[in-house]
Amino acid sequence: MPYKRTYKKKNTATSERAAAEVAHEDTIPTQATAPTASTVTPHNASDRDGHFLKDCLSARQGTGGNITPSINSAVPRNNQAQQGNNAARSGNTSGGRNRMYALTGRQDIETRADVVTVVEVKEKQFSDPYLLQLKEGIPKHKTMAFEQGGDDGTLSLFTVLKLLNAVVAWEHEQFSRLRVTAATLSELSAAPELLESTGVRLITGCQCDIRSAFVVGSRIILDYTFQFSFYHQQGICRESEQRALESLKKEVDNPSDLPSSWVVGKDCCEWEGVVCNNLTRHVIELHIWVESRFQRINSLEGLPSLLNLEKLEMSNVDLSNATEWLQVINMLPSLVDLRLYNCSLHHITPLLHHNFSSLETLDLSWNNFSSPIPNWVFNLASLVSLNFSSSKFTGPFPDGPVNLTSLTSFRASDNSFNCLLPTWLFDLNKLEYIDLSGSGLKGAIPSKSENITKLKHLYLSENNLNSTIPNWFYRCKDLESIYLSENHLEGVVSSLISNLSSLTRIDLLNNMLSGKLPNVIGKLEKLEYVVLSDNLFDGEVSELFNGRSNFISAEIGNSSSLRELRLENNKLTGTLPKSLGQLSMLEYFFISNNRLEGVVTESHFSELMQLSYFSASRNNLTLKVSENWIPPFQATRIQIGGWNIGPLFPMWLRTQKLIWEVDISDGGIEGEVPTWFWNLSSQIRFLNLSHNQFVGEVPIIATPSWSDGQGGPWLMYLGSNNFSGPLPLISTIVTELDLSNNSFSKGLSNFLCEAKNGSYKLEILNLGGNDLSEEIPDCWMNWPQLTVLIMRDNNLIGGIPRSMKVLSNLRSLDFRRNRLNGPFPSSLGNCTKLHKIDLAENEFVGKLPSWLGLRFPTLIVLILRFNKFDGELPQQLCHLKDLQILDLANNTFTGIIPRCISNFSAMVKGKTEVEDYFDELNYSYYIGVLRESAMVMTKGNMYQYDTILVLFTSMDMSSNYLSGDIPTSLTRLEGLKSFNFSKNNLTGRIPNGIGDMKALESVDLSENQLYGQIPQSFSSLFTLSYLNLSDNNLSGMIPLSTQLQSFDPTSFQGNKLCGLPLLVNCSSGGKTPNHEYEEDESDKDEVDWFYISMAIGFALSF
């Protein structure tokens, strides 16, 4: 296939440079004379709308309607014989001046004076169905072609046109080997002479005039009002350049993957992706791209022969072996445009001398450099556009000075610069486009900039910028887009933002901006997209809508241009303004998780006919609309969870035919869900009816037939209602299902084992808090995608079935508070991705298997309290380095506390930020809908941790039969916040190093046989808020500290202690007992059995 691509027109300088090269070619001149040109006059020149002919080459008139080369037309020496034959065949030997010949759309011949206007277009069948012939000017398809003619006066053309690209000029096939440049009509400022319209009309669904078509020298030029792209057949390629491209082909790993036109020996100007200059026949553009997969080219060594190459573009080409790529390209003196996109480049050489004085576009995006941008790049004075996005560049940027005086676009997003923003960037006075988003930038945005006045688009999102928004931003009056989201920006948004009258998009998402929303934002009439979410903005939301004219543009008929407004997750107060309903173009409105209150009525939606997404959950708002209200919109998403909606079901939802996301949770709605809504819900992909008072049975949770095999989530949340009856059957493509805290009864067999349509795609199943009974059926092979399984608070009996071993994707397992029994389930040994195992309050028995500590490398929560496990604790437990919550309380474990507990790395370091496991422990498609949680006994009470679970660490071995002393290795767990060893048979002293555990908040060692004094280091535990040392054999004075003396005396009772907060005075005979350091007995001869048992543990696990 010929090479197909649409290009921008070349600038005048490039055309003139190509024409100038003709004078230096080895050509054979032809003598010519010509009749006068005054006999042909322009026709309807004023109708040409400024599209005129320029730089027309010479032609001369011959007899019989044939055209021959003019005296100024360059003929290569190797084409001399062919051109002589052409002239002889035409019978034309006379000369002539420059002439134009009008092309008519008629089949007849019209001769006017010395001008021959002859064109006959004959119809012919083509194998390509997209080709058509122009006959009487009325084609039937999108393209047209002129066919080969004979000596009867018919003009021959080889070109195919498509209705896509601008005015195009075409070469006559007879002179296709001439170096003739196709001129565009759009470059002239005045109409040329000798112009005649054809009156031909082209019809392709819509009408498009061929306003003029005429022969110029050896060409026909067609001027269309529509744009065209074209199949362009080139002429003969230069021999040296032919060899260079053939050499390049040899460097391709799989030449068969190249376009079929890349044939050795075939004119390279006809190769797909190769563009030659029509005058000089030099290769001026080379385009190689692979759409579906990478094509490797091992070397570019042949490219320096392409001395006239102006544009080099490669995409999805693997150049990882072409290590010399930059040195080779540096030998191309004419290069203007270099694009090596996604080419697996990994090294960019520091050049002492570069040859890129003409380079205007440099695109090295999507590569793998892993190094700083070399300094020579910042001294390309001709560079207009620079794109280094997603190429793994590192920092820092040079301090300056730089020489980028022509730069208008600088794109370097998604890199790892890890440095400050360069100040020189904001002094480039031609810069219009900056994109440095996601590039590890830190520090402040430069506070001063005097020259960057032409800036239109600024993208600095997803960095670590921590300054205020500088005032010079507000002086960039041409700014159209500002993206500063996901940084640490603080301060306020200045009212000076009203200066940005061209602003259409502003995104300040997820920063620490505060203060009131500037009401002047509503005065920016061109705004289409406003995102201020996840900040600390306060004040009344009505300030943003202050005045009826806010967000209303006089330029568009006193209507609004605003399409998206996002204000969620702030501290906004007040009522929702009724003027919101006047934003007729609004499609997306987000204001969830604020502090709004008041009543929302039909008038708030009166003009929102384009509304698609309305998200306002978690506000104290009340919806009051008539029972028969028909909203003016057809929304796809409605989220009003937490509003006062009930007690009646919102009947207006029945009118929403396009809806696929509904959240009316916690809405005070009572009664049964209408049948029509269950039918509608089959098209809803996110349904949240939780925390209402719905009753009745739930029918089959179906999905539409067209959804089978469709990707994306199908989420159903019906928890915390009063639904009853058996569990509903579900579609196989539902991905999240929450039926918790209802009154569903009977067993699980019908629900789990009814797999008529193969495996289910369910990932989250929450059936906790119901009245489910019977044994757990052994058919988990139908649910291989499960990641979260919650069955807590039911009446299930029996053991854990073996088929659960197929749940290899399981992350969280919760069977707390059932009546399950048997040994620790061996089927869990294959569930190696588990973060949480909670089997608390069941009737499991036996010893803990040694593999428990070896099969779960990412286990964070292990809760086995209130079961009947016995035996010694396996040393292999210490392999659980990520463990943060260990609860073995209320079993019958014996033996000593493992000395290797200091290997719990997560308890040693602790976590300082929720983000450490934020994504890992958010299991739902919607972040925050289902986080990992754990019930933890600490400070004498049971608490549920979810949001801050990753920050908490706890160890509870209370109420067992453990003996021996407290290992001193415990004191290495400096990140531990709570430990409880109470109600065991522990002896010895409390380790003196306990004061090193600075994070401790809760300590319970009560009801053991500990003796000796309370370590003095207790006084340095400033975070300690709960302490129970009662009922031991401790003696001596209670150390003095603010914390210890503030505890209730019961924390120390049942010992032989004295001093506050006890009423027992430590003074004896006027002397206070000496409180000296006592050496831990366990320090003398403690053996770390962890390493000794390691080999044994591995052997036992297999």
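Residues numbered from 1 in each chain as written. Predicted model: local features only at pLDDT ≥ 70, side-chain atom pairs only at ≥ 80, totals over all residues. Heavy atoms only, no water.

A. Structural context of the overall build of the protein chain. Across its full length, the protein chain holds 9 helices and 68 strands. Long-range contacts, defined as pairs at least 24 residues apart, comprise 60% of the intrachain contacts of the protein chain with a sequence gap of at least 6. Summed over all atoms, the accessible surface of the protein chain reaches about 46,600 Å², with 48% contributed by carbon and sulfur. (Helix = DSSP H or I, 4+ residues; strand = E, 2+ residues; numbered from the N terminus. Contact = heavy atoms within 4.5 Å. Areas by Shrake-Rupley, 256 points an atom, 1.4 Å probe, with all protein chains shown as cover.)

B. Focus on the pattern of salt bridges. In this structure the tally under the stated criterion is 21 salt bridges. Where D814 meets R792, a salt bridge forms, and the shortest distance between an N and an O atom there is 3.1 Å. Taken together, the positions of D814 in strand β50 (residues 812-814) and R792 in the loop between β48 (788-790) and β49 (795-798) put the pair 22 residues apart, joining distant regions of the chain. The exposure classification of D814 matches that of R792, with both residues buried. With its nearest N and O atoms 3.6 Å apart, the salt bridge here joins E932 to K836. Here E932 is found in the loop between α7 (905-909) and β58 (934-938), whereas its partner K836 is found in strand β52 (residues 836-838), with 96 residues between them in sequence. The residues E932 and K836 share a single accessibility class, namely buried. (Salt bridge = Lys/Arg side-chain N within 4 Å of Asp/Glu carboxyl O. Buried < 20%, exposed > 50% of the residue type's maximum accessible area, 1.4 Å probe, protein only.)

C. Looking closely at the pairing of strand β41 (residues 693-696). Side-chain alternation along β41 places F694 and G696 on a buried face and Q693 and V695 on a face that remains uncovered. Note: strand β39 (residues 670-672) against β41, 3 bridges, orientation parallel. Within β41, the residue paired with G671 across the bridge is F694. Bridge analysis of β41 against strand β43 (residues 722-725) gives 2 bridges, and the strand direction is parallel. Bridge pairing in β43 places G696 opposite F723. (Pairing = 2+ DSSP bridges.)

D. Structural context of the confidence of the model for the protein chain. Here the protein chain averages 77 in pLDDT, while 72% of its residues score no lower than 70. Low confidence marks residues 1-234, where pLDDT is under 50. Its contacts with residues over four positions away, or in another chain, come to 475 contacts. In this model, residues 1081-1102 is a region of pLDDT below 50 whose contacts with residues beyond four sequence positions or in other chains number 37 contacts. (pLDDT = per-residue confidence, 0-100.)

E. Molecular detail of the sheet that holds strand β68 (residues 1056-1058). Here we have 3 strands laid out as an open sheet, ordered β65-β67-β68, and parallel in their pairing. Here the strands that pair on one side only, and so sit at the sheet edges, are β65 (1011-1012) and β68. Pairing geometry for β65 and strand β67 (residues 1033-1037), over 2 bridges, is parallel. Along β67, the bridge assignment pairs G1012 with L1034.

F. Region of the structure containing the environment of E313. Relative to the assigned elements, E313 resides in strand β16 (residues 311-315). A sequence separation of 28 residues divides E313 from E285, and the C-alpha atoms of the two residues are 8.0 Å apart.

G. The arrangement of the sheet that holds strand β47 (residues 771-775) in detail. Sheet architecture is open: 12 strands sit in the order β39-β41-β43-β45-β47-β49-β51-β53-β55-β57-β61-β63, paired in parallel fashion. The sheet is open, and its two borders are formed by β39 and β63 (985-986), each paired with just one other strand. In terms of strand pairing, strand β57 (residues 892-896) meets strand β61 (residues 961-964) through 3 bridges, oriented parallel. Within β61, the residue paired with G895 across the bridge is L962.

H. Examining the side chain of N980 more closely. Residue placement: N980 occurs in strand β62 (residues 978-980). Residue contacts for N980: discarding those within four places in its chain leaves M955, D956, M957, S958 and D1004.

I. Molecular detail of the state of the cysteines. By the definition in use, this model includes 5 disulfides. Residue C269 pairs covalently with C276 via a disulfide, S to S 2.0 Å. Between C269 and C276, the S-S torsion sits near -95°, and that sign places the bridge as left-handed. One exposure class covers both C269 and C276, and it is buried. Here C878 engages in a disulfide with C900; their sulfurs sit 1.9 Å apart. Judged by the torsion about the S-S bond (70°), the C878/C900 disulfide is right-handed. Here the residue C878 occupies a position in the loop between β55 (868-872) and β56 (885-887), and C900 occupies one in the loop between β57 and α7, the gap between them amounting to 22 residues. (Disulfide = S-S within 2.5 Å.)

J. View of the packing of aromatic side chains. Applying the stated criterion across every chain, the model contains 39 aromatic pairs. Relative to W851, the ring of F824 lies with its centre 5.8 Å away and its plane at 65°, an arrangement referred to as edge-to-face. Pair noted here: F824 is in the loop between β51 (819-822) and β52 and W851 is in the loop between β53 (843-846) and β54 (861-863), with a separation of 27 residues, a long-range link. Taking the relative accessible area as the measure of exposure, W851 reaches 13% and is therefore buried. Between F869 and F893, the aromatic rings sit 6.5 Å apart at their centres with planes inclined by 5°, giving stacked as the arrangement. With a gap of 24 residues between them, F869 in strand β55 and F893 in strand β57 connect regions that are remote in the sequence. Neither F869 nor F893 differs from the other in exposure class; each is buried. Through pairs of rings, three or more aromatic residues link up here, namely F589, F605, F614, W629, F633, W643 and W652. Stacked on the ring of Y433, the Lys or Arg R411 has its end atom at 3.8 Å from the ring centre. Taking NZ or CZ as reference, R566 lies 4.0 Å from the ring centre of F590, over its face. (Phe/Tyr/Trp six-rings, centres within 6.5 Å; stacked < 30°, edge-to-face > 60°. Lys NZ or Arg CZ within 6 Å of the ring centre and 35° of its normal.)

K. Representation of helix α3 (residues 239-250) within the structure. Taking 1.5 Å as the rise per residue, α3 with 12 residues should run 16 Å; its terminal C-alpha atoms sit 17 Å apart, in good agreement. Those residues of α3 that sit buried are E241, Q242, A244, L245, E246, L248 and K249. Residues of α3 that are buried sit in contact with β13 (274-276) and β14 (283-289). (Expected span 1.5 Å × (residues − 1).)

L. Examining the pairing of strand β18 (residues 337-341) more closely. Sheet topology places β16 next to β18; 5 bridges connect them, and they run parallel. What sits directly across from M314, in β18, is L340.

M. Layout of unusual backbone geometry. At the junction of G395 and P396, the peptide bond is cis and its omega measures out at 0° in the coordinates. Note that P396 resides in the loop between β20 (385-387) and β21 (409-411). Not every positive phi belongs to a glycine, and D666 is a case in point at roughly 50°. Its location among the elements puts D666 in the loop between β38 (661-663) and β39. With a relative accessible area of 45%, D666 lands in the partly exposed category.

N. Structural context of the side chain of S615. Following the sequence through the fold, S615 ends up in strand β35 (residues 613-615). Exposure remark for S615: the relative accessible area of 5% places this residue in the buried category. Reaching out from S615, the side chain makes a polar contact with the side chain of S592 at a distance of 2.9 Å. Non-local contacts of S615, meaning those with residues more than four positions away in its chain, are made with F589, F590, I591, S592 and Q639. (Polar contact = N/O pair within 3.5 Å; in protein donor to acceptor, adjacent residues only side chain to side chain.)

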